Amino acid sequence: MTIAVHESALIRHFNTRRETLRAWEERIGARFSPFRGFKMPDSRLYCEHPDFLDSIVDLIITNERHIFLRGPVGSGKSTLMLLALRDLPTLADRRGNKFITGYVGMTGLYEKQMAAAIADSLRVKYRRSWESSQIIEAVARECVRRYVEEHCRTALFIEDVADNQEAAFHKLRYLADLPTEEMKEEYGGALDEPVVTLIMSGTMMYWNAMLSFLPQIADRTEPLDVPPFDDAKAKEFIGRRLAYARGEIDSFDPNDFDIYPFEEEAIEIINAAARGNPRDIRMLARGCQQVAAERLKETGDPSITVEIATLVVDAYSALLKEVQ
Ligand SMILES: Nc1ncnc2c1ncn2[C@@H]1O[C@H](COP(=O)(O)OP(=O)(O)OP(=O)(O)O)[C@@H](O)[C@H]1O
Ligand SMILES: [Mg+2]
């Protein structure tokens, strides 16, 4: 017996669309869409902001303030954190202390989840049955011990910090304020500076919330605005993704790369509309790919021209206006 499956109009539409996109990808030598979203982006796709990264690392090294990486959704906060995380273990501060790093990428955490996530990220042992304050106390003790005995400071990265429960936030405050007065007494002169540096991320709105609700931390935290991509970075962003999709990322040269089939000015139009936000650049580039793929069918030309970019950018801005 056979079961007849009727291809619905919708499925037919999606299949045609997929074939159209696929033809464009094949034509430019790509194995998949250069602008698809990756759950775990490959670090070879990252465009570096060396100066900005240095300013983050410098602040951590001087140990005067905590850091709040501030920027709109999709501006690259998480990416910058990963880059800073990569560099820190290879560095030492002026006193010769090295760094132990921890990264908490989950959000929406309750007090105990936050305590456990911090302990896990810093490889501090605790018992499941412990209360959150006991877990944090164990973390605090271990951070102090690592500082005194191993000459290691702790750099703790917390993503989208304000998306956690308020009680979870107070756990962070305890770590941010270490060492406590009692610890200082206990260790004599060996503890004369903060041992934990927090590197948090969030939007402007959350920074403002922190200013009003947690001034104790905010006052000792430096907000750093993630710089938007300039046109050169936007071209590199697209160039890297094209090379990646072509299987040529390992020979990518940031000073000499191909942006075919993009016209240079088309990327400038995209970047202006995205206001230098990489997530939006990717979305707009994907929109351009769709239009260019349709054009390829009609004309045989896969180019992403100024005209296509303008079309896509206008369509998106009309859409955004409607949503707002
Ligand atoms: N420097 C960069 N080079 C290449 N791609 C980047 C860079 N920064 C960000 N991206 C890409 O842009 C997208 C958004 O970046 P990311 O997730 O880091 O932003 P975010 O500010 O953390 O966003 P959210 O507010 O959603 O957490 C991702 O696809 C990421 O790979
Ligand atoms: Mg993020």
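Everything quoted here is computed from the prediction, not taken from an experiment.

### Let's talk about the domain arrangement of the protein
No. 1: Considered domain by domain, the protein is made up of domain 1 (50–225) and domain 2 (230–323).
No. 2: The centre of domain 1, based on its C-alpha atoms, is set 37 Å off from the matching centre of domain 2.

### Quick notes on the nonpolar core
No. 1: If you look at the biggest cluster of nonpolar residues, it comprises 40 residues, and the most contacted ones within it are Ile118, Leu156, Ile158, Leu175 and Met210.
No. 2: Counting residues per element, the ones that place at least two in this core are strand 2 (98–104), helix 4 (111–121), helix 5 (132–150), strand 3 (152–158), helix 6 (166–176), strand 4 (196–202), helix 8 (204–213) and helix 9 (215–218).
No. 3: Ignoring any residue separated from it by four or fewer positions in sequence, one finds Ile158 in contact with Met81, Val104, Met114, Ile118, Asn164, Leu172, Ile199, Met200 and Ser201.
No. 4: Counting residues in each nonpolar core, the second largest holds 37 residues, with Leu21, Ile259, Ile270 and Ile281 among its members.

### Re the packing of helix 4 against helix 5
No. 1: Interhelical geometry of helix 4 versus helix 5 gives an angle of 25° and a closest axis separation of 9 Å. With respect to helix 5, the axis of helix 4 lies roughly parallel. The two elements helix 4 and helix 5 cross, and the hand of that crossing is left-handed. Touching Glu111, Lys112, Ala115, Ala116, Ile118 and Ala119 of helix 4 are Ser132, Ile135, Ile136 and Val139, all from helix 5.
No. 2: Here the residues of the contact of helix 4 with helix 5 sort into seven nonpolar, one polar and two charged.

### Thoughts on the site of ligand 1
No. 1: Residues in close proximity to ligand 1 total 17 residues, the closest being Cys47, Gly74, Lys77, Ser78 and Thr79.
No. 2: In this structure, an oxygen atom belonging to ligand 1 sits 3.0 Å away from a main-chain N or O atom of Gly76.
No. 3: Taking Ser78, its side chain carries an N or O atom lying 2.7 Å from an oxygen atom of ligand 1.
No. 4: In the complex, 82% of the free accessible area of ligand 1, which totals 620 Å², lies under the protein chains.
No. 5: When contributions to the shell around ligand 1 are tallied by element, the ones reaching two or more residues are helix 3 (77–87) and helix 12 (278–299).
No. 6: Sorting elements by how many residues they give to the shell around ligand 1 places helix 3 first, with three residues.
No. 7: Its residues placed into classes, the shell around ligand 1 shows nine nonpolar, five polar and three charged.

### Quick look at the sheet that holds strand 2
No. 1: Within the open sheet, the five strands sit side by side as 2-3-4-1-5. Their pairing is parallel. The strands lining the two open edges of the sheet, one partner per strand, are strand 2 and strand 5 (221–225). Strand-to-strand twist in this sheet, taken as the mean axis angle between neighbours without regard to direction, amounts to 20°.
No. 2: The pairing of strand 1 (residues 66–70) with strand 4 spans four bridges and is parallel. Looking at the pairing, Leu69 lines up with Ser201 of strand 4.
No. 3: Strand contacts of helix 4: strand 2 and strand 3, with the helix running at about 140° to strand 2, the strand carrying the most contacts.
No. 4: Contacting strand 1, strand 4 and strand 5, helix 8 crosses the sheet at an angle of about 145° to strand 1.

### Quick word on a negative patch on the surface
No. 1: Together, Glu248, Asp253, Asp256 and Asp258 make up a negatively charged patch on the protein surface.
No. 2: For Glu248, the location among the structural elements is in the loop between helix 10 (231–245) and helix 11 (264–274).
No. 3: A residue is classified by how much of its surface remains accessible, and Glu248, at 43% relative accessible area, is partly exposed.

### Structural notes on the packing of helix 1 (residues 9–27) against helix 12
No. 1: Look at helix 1 against helix 12: their axes get within 9 Å of each other, and the N-to-C directions meet at 85°. Classified by the interaxial angle, the pair formed by helix 1 and helix 12 is roughly perpendicular. Residues Thr16, Arg17, Thr20, Leu21, Ala23, Trp24, Glu25 and Arg27 of helix 1 lie in contact with helix 12, whose contacting residues are Gln289, Gln290, Ala292, Ala293, Glu294, Leu296 and Lys297.
No. 2: When its residues are assigned to classes, the contact of helix 1 with helix 12 shows six nonpolar, four polar and five charged.

Definitions and cut-offs
Residues numbered from 1 in each chain as written. Chains lettered and ligands numbered in written order. Predicted model: local features only at pLDDT ≥ 70, side-chain atom pairs only at ≥ 80, totals over all residues. Heavy atoms only, no water. Domains from an automatic or database assignment. Core = buried A, V, L, I, M, F, W, Y, C linked by side-chain atoms within 4.5 Å. Buried < 20%, exposed > 50% of the residue type's maximum accessible area, 1.4 Å probe, protein only. Helix = DSSP H or I, 4+ residues; strand = E, 2+ residues; numbered from the N terminus. Contact = heavy atoms within 4.5 Å. Axes fitted to C-alpha atoms, helices over the stretch in contact; angles between N-to-C directions. Parallel < 35°, antiparallel > 145°, perpendicular 65-115°, else oblique. Left-handed = near helix turned anticlockwise from the far one by under 90°. Nonpolar A, V, L, I, M, F, W, Y, C, P; charged D, E, K, R; others polar. Near = heavy atom within 4 Å. Polar contact = N/O pair within 3.5 Å; in protein donor to acceptor, adjacent residues only side chain to side chain. Areas by Shrake-Rupley, 256 points an atom, 1.4 Å probe, with all protein chains shown as cover. Pairing = 2+ DSSP bridges. Patch = residues over 30% accessible without salt bridge, like charges linked within 9 Å, V, L, I, M, F, W, Y side chains within 5 Å. Salt bridge = Lys/Arg side-chain N within 4 Å of Asp/Glu carboxyl O. Lys, Arg positive; Asp, Glu negative; His and termini not counted. Charge placed at Lys NZ, Arg CZ, Asp CG, Glu CD.

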